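Residue strings, one per chain:
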Amino acid sequence: MTTETSAPTAVSHARLANAVRFLAADAVQKANSGHPGMPMGMADVATVLFSKFLKFDPQEPKWPDRDRFVLSAGHGSMLLYALLYLTGYEDVTIDEIKNFRQMGARTAGHPEYGHISGAETTTGPLGQGIATAVGMALGERMMNARFSDAAVDHYTYVICGDGCLMEGISQEAISLAGHLKLNKMIVLWDDNGISIDGKIELSSTEDQLARFEAAGWAACRIDGHDPEAIAAAIAAAQESDKPSLIACRTVIGKGAPTMCGTHKVHGAPLGDAEIAAARVACEWPHAAFETPEDVLDAWRSFGIKGSALRMSWEARMTFLDEARYEEFRRLDAGEMPRGWRSAVNAHKQALSEAKPKVATRKASQDVLAVLAKEIPELIGGSADLTGSNLTKVDGQQPVKPGDYAGSYIHYGIREHEMAAAMNGLALHGGMIPYGGTFLVFTDYLRPAMRLSALMGLRVVYVMTHDSIGLGEDGPTHQPVEHLAAMRAMPNLLVMRPADAVETAECWAAALDQEKRPSVLALSRQNLPTLRTEHTVENRCAKGGYVIAEAPAERAATLIATGSEVALAVEAAKALNADGISTAVVSLPCWELFDEQPAAYRTSVLGNTGVRVAIEAATGFGWERYVGLEGGIVAMPGFGASAPAEKLFEHFGFTVDNVVRTVKDRISH
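Fair warning: this is a prediction, and the values are worked out from it, not measured in the lab.

### Describing the overall build of the protein chain
Along the backbone of the protein chain there are 26 helices and 20 strands. Taking 2.2 N^0.38 as the reference for a compact globule, 668 residues should give roughly 26 Å; the C-alpha atoms of the protein chain span a radius of gyration of 28 Å, in line with that estimate. Its C-alpha atoms put the protein chain at 90 × 55 × 45 Å along the principal axes. When the 668 residues of the protein chain are sorted by exposure, 62% land in the buried category. Within the protein chain, contacts between residues separated by at least 24 positions form 79% of all contacts whose residues are at least 6 apart in sequence. Accessible area for the protein chain stands at about 25,000 Å²; split by element, carbon and sulfur atoms hold 51% of it. Taken as two groups, the 61 positive and 81 negative side-chain charges of the protein chain have centres that lie 2 Å from each other.

Put into structure tokens, the structure is as follows:
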């Protein structure tokens, strides 16, 4: 094998690319599952990129100043796995290649972040890769503005397909990237003219280059099988003052004699006979999974070259002063700064003393004002609802085209891209992103939110106007099913605080999550402060707690979230006055509560009397806490357009209705 002190014998581009092609074809054939067409068609482009341009080090895959490579067309995952194996990533062995798509293998059907070292993000849902890469490219520019070219100066490369560009999120992505002039983002489009159904013309005839150019990108078209043209286009893109699209005209499944250029090669194994014929056509007389030593040596040399680049970067970093170097290290490691919890605690104490009656969206802004001073890596934003979400605080400067020193991003009316970009910012490192829109519009960003959860990213979704309490905008804007839908998503915290104190605690709990995202569901309407006695303990961090004790053995327990906790407290007073000993439980986060020991959960929910849940949303899921004998005061369907107080009365969110529900359950 090649070492750092010996140079490999010159190997032709064709043989380097064929090593990628046949590893992909062989792995898909052995698995009897997968997508060989894209890896075979884009092997030439990927070979030029990895051999001549990409800055990476297989020995230190998370080196902060590496170039980011995103395979947006994640179905072609064997392209990535072949490249990682050939360049020497330790966790991608030939056995992993042979076990493609098998249980326990790192080589999953689609690249998964955290599952394999060379996957910068999880891709597979088309369009998510290019959209997430916008966040990575923005993260590079923002960190560069903070630490200089010596510390941060790298490119973000994307390989995408026609499917990525058809998905609606791609328009949001290219529009935002063009507006922000993210010139270190380079997209290599696999322009093969084929989709699963057949030729692209069946469903799409748009001019993609004109589309990108209209959004502020540089765009060109090349022969994706001409290594010199590929190299020239990438070199030109690196010098552009705009993000770049390189349309690489390719033949899907190139090398397969009878199937190349057709949809048949997209998502199914080639078959033994076709692979054998391809070996003859490509002059690749090697057994399945076999890479000739000289070819493998050449590929490994590209990885070794990256080690030298990394060591050069490490030498440059020594010129940073000690404080800046330590800050860079802390941010890259994802370590929180000291003192922020004390600041939140002092803020909580002030709230308990002042007892403000404010909307939890305003309470969120107030705690953000505290957090932004303590946590410089906190990067805010909103999908054109800053004044409604209250996500921006004094001192936050906006990120602008060519000026990336700010800490607040105006995403425009691009909820889906906002969520994907936040994923990209978190994946890039050095930042904790949060972004706001109305809770009902989580429908627009849900696929990216799902990837936040799947990848385990510290991303905070500030979702305001959380119920019929938003009032006159009516059922199109009133979320009723959304809390249940988000609670169904694994590894996602859904928090609905009841007052200003709980809002501060929920923010702290969200920031404590290193490996999962959080949703803060916040009210439009003002809510009273219920937590008037200060506690150092973050009670919301346990998901639920008794906010009002029963005067005697419980005959009833009211369980509520958000704005309905205040209603529960008032209803409990009426029940206690009627001789029905009632406790009130605030349950802001089901997921955190379910993680607590059984004894704690029982002590909170009680083991005597009836339980009634109250939430201005659909009642789906509340059975787990109230049981079959319990009651649920919830929305029966969609809301209506009216003032908030009229809506709450109309839909039964009143003291009288809660009392009646409890008494009906007791009588039964």
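The rest of the description comes next.
### Comments concerning the pattern of salt bridges
Pairing of side chains with opposite charge becomes possible as their charged atoms draw close. Going through the model one piece at a time under the given rule, you end up with 28 salt bridges. For the salt bridge of Arg329 with Glu326, the shortest nitrogen-to-oxygen distance reads 2.7 Å. Of this pair, Arg329 and Glu326 both sit in helix H13 (residues 322-333), 3 residues apart, roughly one helical turn. A network of salt bridges, in which partner residues are shared, links Lys55, Asp65 and Arg316.

### As for the sheet that holds strand E9 (residues 378-382)
Within the open sheet, the 6 strands sit side by side as E10-E9-E11-E12-E14-E13. Their pairing is parallel. Edge positions in the sheet fall to strand E10 (408-410) and strand E13 (493-495), since each of these pairs with one other strand and no more. Direction aside, the axes of adjacent strands within the sheet are offset by 20° on average. Pairing of strand E12 (residues 460-464) with strand E14 (residues 518-522) involves 5 bridges; the strand directions are parallel. The residue bridging Thr464 from the neighbouring strand is Leu522, located in E14. Lying over the sheet, helix H18 (residues 442-455) contacts strand E11 (432-438), E12 and E14, oriented at roughly 160° with respect to E12.

### Describing the environment of Tyr434
By secondary structure assignment, the location of Tyr434 is in strand E11. Along the backbone, Tyr434 and Leu378 are 56 residues apart, and their C-alpha atoms lie at a distance of 7.5 Å. With near-sequence residues (within four places) excluded, Tyr434 lies in contact with Leu368, Leu378, Ile379, Gly380, Gly381, Thr391, Gln396, Met422, Val460, Val462 and Trp507. A polar contact is formed between the side chain of Tyr434 and the side chain of Gln396, at a distance of 3.1 Å.

### Examining the confidence of the model for the protein chain
For the protein chain, the average pLDDT comes to 97, and 99% of its residues sit at 70 or higher. The element-level mean pLDDT for the protein chain is lowest in strand E4 (residues 194-195), coming to 94, with strand E3 (residues 185-191) highest at 99. Confidence over residues 1-7 falls short of pLDDT 50; this stretch has 9 contacts with residues more than four positions distant or in other chains.

### Quick look at the sheet that holds strand E6 (residues 218-223)
The strand order across the open sheet built from 5 strands is E1-E2-E3-E7-E6, with neighbouring strands paired in parallel fashion. Among the strands making up the open sheet, the edge pair consists of strand E1 (68-71) and E6. Within the sheet, the average angular offset between the axes of one strand and its neighbour, ignoring direction, is 15°. In terms of strand pairing, E3 meets strand E7 (residues 244-249) through 6 bridges, oriented parallel. When the bridges of E7 are listed, Val187 appears paired with Leu245. The sheet strands contacting helix H10 (residues 227-238) are strand E2 (156-160), E3, E6 and E7, and the helix crosses E6 at an angle near 170°.

### Let's talk about the packing of aromatic side chains
For the structure on display, the rule yields 20 aromatic pairs. For the ring pair Phe212 and Trp217, a centre distance of 5.0 Å and an interplane angle of 90° mean the geometry is edge-to-face. The class for Phe212 is buried, based on a relative accessible area of 0%. Look at Trp217 and you get buried, because its relative accessible area is 2%. Every member of this aromatic cluster is reached through a ring pair, and the members are Trp590, Phe593, Tyr600, Trp622 and Tyr625. When the ring centre of Tyr85 is taken as reference, the NZ or CZ atom of Arg300 above it lies at 5.2 Å.

### Some points on the nonpolar core
In this structure, Leu138, Met142, Met185, Trp217 and Tyr461 are the most contacted members of the largest nonpolar core, which totals 74 residues. Looking at this core element by element, the count peaks at 10 residues for helix H6 (residues 128-147). When near neighbours in sequence (up to four residues on either side) are disregarded, Met142 contacts Ile379, Val399, Tyr404, Gly406, Ile409, Leu425 and Met431. Counting residues in hydrophobic clusters, the runner-up holds 72 residues, among them Ile432, Val460, Tyr545 and Trp590.

### Brief notes about unusual backbone geometry
One non-glycine residue, Arg101, adopts positive backbone phi at about 70°. In the Ramachandran plot, Leu390 falls in the positive-phi region, its phi being about 60° despite a non-glycine side chain. Tracing the chain through its elements places Leu390 in the loop between helix H16 (386-389) and E10. Its relative accessible area of 15% is what places Leu390 among the buried residues.

### Let's talk about helix H11 (residues 272-281)
Among the residues making up H11, those that are buried are Glu274, Ile275, Ala278 and Arg279. Buried residues of H11, seen end-on, are gathered within an arc of 145° and therefore sit on one face of the element. For H11, the exposed residues lying more than 90 degrees away from the buried face are Asp272, Ala273, Val280 and Ala281. At the C-terminal side of H11, Glu283 shows a positive phi close to 55°.

### So, the packing of helix H1 (residues 13-31) against helix H3 (residues 43-53)
Put simply, H1 and H3 touch, their axes get as near as 9 Å, and they point 115° apart. Taken together, the axis directions place H1 and H3 in an arrangement best described as roughly perpendicular. By crossing handedness, the relation of H1 to H3 is classed as right-handed. Within the contact between the two elements, H1 uses His13, Leu16, Ala17, Val20 and Arg21 and H3 uses Ala43, Asp44, Thr47 and Val48. Looking at the contact of H1 with H3, its residues break down into 5 nonpolar, 2 polar and 2 charged.

### Comments concerning the state of the cysteines
Under the counting rule described, the total for this entry stands at 0 disulfides. Of the cysteine sulfurs around Cys160, a residue in no disulfide, the closest is that of Cys164, at 5.3 Å. Look at Cys160 and you get buried, because its relative accessible area is 0%.

### A short note on the pairing of strand E20 (residues 631-635)
Burial within E20 is extensive, with 4 of its 5 residues counted as buried. Where strand E19 (residues 610-618) meets E20, 4 bridges bridge the pair, whose relative direction is parallel. Note that in E20 the partner of Ala613 across the bridge is Ile632.

### Remarks on the pairing of strand E18 (residues 582-586)
Counting buried residues in E18 gives 5 out of 5 residues, a clear majority hidden from the surface. Burial of the side chains of E18 extends over both faces: Thr582, Val584 and Ser586 are buried on one face and Ala583 and Val585 on the other. Of the pairings in the sheet, the one linking strand E16 (residues 545-548) to E18 comprises 3 bridges and is antiparallel in character. Bridge assignment links Val546 to a residue of E18, and that residue is Val585.

Analysis parameters
Residues numbered from 1 in each chain as written. Predicted model: local features only at pLDDT ≥ 70, side-chain atom pairs only at ≥ 80, totals over all residues. Heavy atoms only, no water. Helix = DSSP H or I, 4+ residues; strand = E, 2+ residues; numbered from the N terminus. Rg over C-alpha atoms; globule rule 2.2 N^0.38 Å. Buried < 20%, exposed > 50% of the residue type's maximum accessible area, 1.4 Å probe, protein only. Contact = heavy atoms within 4.5 Å. Areas by Shrake-Rupley, 256 points an atom, 1.4 Å probe, with all protein chains shown as cover. Lys, Arg positive; Asp, Glu negative; His and termini not counted. Charge placed at Lys NZ, Arg CZ, Asp CG, Glu CD. Salt bridge = Lys/Arg side-chain N within 4 Å of Asp/Glu carboxyl O. Pairing = 2+ DSSP bridges. Axes fitted to C-alpha atoms, helices over the stretch in contact; angles between N-to-C directions. Polar contact = N/O pair within 3.5 Å; in protein donor to acceptor, adjacent residues only side chain to side chain. pLDDT = per-residue confidence, 0-100. Phe/Tyr/Trp six-rings, centres within 6.5 Å; stacked < 30°, edge-to-face > 60°. Lys NZ or Arg CZ within 6 Å of the ring centre and 35° of its normal. Core = buried A, V, L, I, M, F, W, Y, C linked by side-chain atoms within 4.5 Å. Arc of directions from axis to C-beta. Parallel < 35°, antiparallel > 145°, perpendicular 65-115°, else oblique. Left-handed = near helix turned anticlockwise from the far one by under 90°. Nonpolar A, V, L, I, M, F, W, Y, C, P; charged D, E, K, R; others polar. Disulfide = S-S within 2.5 Å.

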